[in-house]
Amino acid sequence: MLLSPFVLPLLPLFGYYLRVVKAGIDGDETPPVFGEWVELSVDGLKAVVVSFVYFLVPLVFTLIGGIVIGVGAILAQERAVAGVATGIGVVGALFVFASLVTVLLATYVFPAALANMARSGDIADAFALSDVFGVAFSVEYLVAGLLGIAAVVLIGIMNTVLTVFTLGLFLLLAVFVQFYAQAVFFYLFGRGYANARGLQAK
């Protein structure tokens, strides 16, 4: 699944975002260049592996919740076990709620894991949980994260509005604008990581 035809072409893009995180850590305001494609793809693969691990728990909760709710819906058609079906449905809903909570947590913590890896270049550092969570729950990282999320949301809204009002003509340009928004997102998280660790800009 990690190396599916849908993921492979995106590896250089993920590798580029990792470079953006490193630029944020270093305080380098010059956008990284696309180059050294093999290295970029390897870095992208590392980022994909890290994202898969961090989002694995939400994925499991979602799958279990969907299965449990589906079983409850089937049993609900039988009056004799309607009460059991209701209980199963409640359990399924709890799993879905847990998936929402954990996906939000993973989304927030994941850039800190990328930053820890980007700083050293070692994928193992993405799973140094004491360092990652120590940064993720700092004020500096929180502020940077909120700014990054706000930038993505606002630019996304702008893209949607312009695409609708131009009857889709803006759509192609919107892809590049959204790419820029994601770069800003990861750069700000990189700066938040650096501030939380007390690192000086290079």
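Rules used throughout
Residues numbered from 1 in each chain as written. Predicted model: local features only at pLDDT ≥ 70, side-chain atom pairs only at ≥ 80, totals over all residues. Heavy atoms only, no water. Helix = DSSP H or I, 4+ residues; strand = E, 2+ residues; numbered from the N terminus. Contact = heavy atoms within 4.5 Å. Areas by Shrake-Rupley, 256 points an atom, 1.4 Å probe, with all protein chains shown as cover. Lys, Arg positive; Asp, Glu negative; His and termini not counted. Charge placed at Lys NZ, Arg CZ, Asp CG, Glu CD. Axes fitted to C-alpha atoms, helices over the stretch in contact; angles between N-to-C directions. Parallel < 35°, antiparallel > 145°, perpendicular 65-115°, else oblique. Left-handed = near helix turned anticlockwise from the far one by under 90°. Nonpolar A, V, L, I, M, F, W, Y, C, P; charged D, E, K, R; others polar. Salt bridge = Lys/Arg side-chain N within 4 Å of Asp/Glu carboxyl O. Buried < 20%, exposed > 50% of the residue type's maximum accessible area, 1.4 Å probe, protein only. Patch = residues over 30% accessible without salt bridge, like charges linked within 9 Å, V, L, I, M, F, W, Y side chains within 5 Å. Phe/Tyr/Trp six-rings, centres within 6.5 Å; stacked < 30°, edge-to-face > 60°.

(A) Inspection of the overall build of the protein at higher detail. In terms of regular secondary structure, the protein is built from seven helices and zero strands. In the protein, the succession of helices and strands from N to C terminus is α-α-α-α-α-α-α. The C-alpha extent of the protein, read off along each of the three principal axes, is 70 × 50 × 35 Å. For the protein, restricting intrachain contacts to residue pairs at least 6 apart in sequence, the fraction spanning at least 24 positions comes to 74%. Summed over its atoms, the accessible surface of the protein is roughly 11,500 Å², and 77% of this surface lies on carbon and sulfur atoms. Side-chain charges of the protein comprise 8 positive and 11 negative groups, with the mean position of each set lying 3 Å from the other.

(B) Structural detail: the packing of helix 1 (residues 11–26) against helix 7 (residues 171–197). Running from amino to carboxyl end, helix 1 crosses helix 7 at an angle of 40 degrees, the nearest separation of the two axes being 7 Å. Between helix 1 and helix 7, the crossing angle belongs to the class labelled oblique. Relative to helix 7, the crossing made by helix 1 is right-handed. Between helix 1 and helix 7, the contacting residues are Leu-13, Tyr-16, Tyr-17, Val-20, Val-21, Ala-23, Gly-24, Ile-25 and Asp-26 on the first element and Phe-179, Gln-182, Ala-183, Phe-186, Tyr-187, Gly-190, Arg-191, Tyr-193 and Ala-194 on the second. Within the contact of helix 1 with helix 7, the residues separate by chemical class into 13 nonpolar, three polar and two charged.

(C) Representation of the pattern of salt bridges. Within the structure shown, the criterion is met by two salt bridges. Put simply, Arg-19 and Glu-36 hold a salt bridge, and the shortest N to O gap is 3.7 Å. One end of the pair, Arg-19, is in helix 1; the other, Glu-36, is in the loop between helix 1 and helix 2 (37–54), with 17 residues separating them in the sequence. A relative accessible area of 17% means that Arg-19 is categorised as buried. On the basis of relative accessibility, which here comes to 54%, the residue Glu-36 falls in the exposed class.

(D) Region of interest: the environment of Gly-145. Looking at where Gly-145 falls in the secondary structure, it is placed in helix 6 (residues 139–165). The exposure class of Gly-145 is buried, given its relative accessible area of 1%. For the pair Gly-145 and Tyr-193, spaced 48 residues apart in sequence, the C-alpha to C-alpha distance is 9.6 Å.

(E) View of a nonpolar patch on the surface. Together, Ile-149, Val-153, Leu-154, Ile-157, Val-161, Val-164 and Phe-165 make up an exposed nonpolar region whose accessible area comes to about 690 Å². Mapped onto the elements, Val-153 comes out in helix 6.

(F) Representation of the packing of aromatic side chains. Taken as a whole, this structure holds 15 aromatic pairs when the rule is applied. Ring geometry for Tyr-16 and Phe-179: centres 5.6 Å apart, planes at 35 degrees, overall tilted. Residue Tyr-16 is found in helix 1, and its partner Phe-179 is found in helix 7; the two are separated by 163 residues along the sequence. Judged by relative accessible area, which is 6%, Tyr-16 ranks as buried. Accessibility expressed as a relative area gives 27% for Phe-179, which makes it partly exposed.

(G) Geometry of the environment of Ala-113. You can see Ala-113 is positioned in helix 4 (residues 82–120). On the basis of relative accessibility, which here comes to 0%, the residue Ala-113 falls in the buried class. Along the primary structure Ala-113 and Val-50 are separated by 63 residues, whereas in three dimensions their C-alpha atoms are 7.8 Å apart. When neighbours within four sequence positions are excluded, Ala-113 is seen to be in contact with Val-50, Tyr-54, Ala-126 and Val-132.

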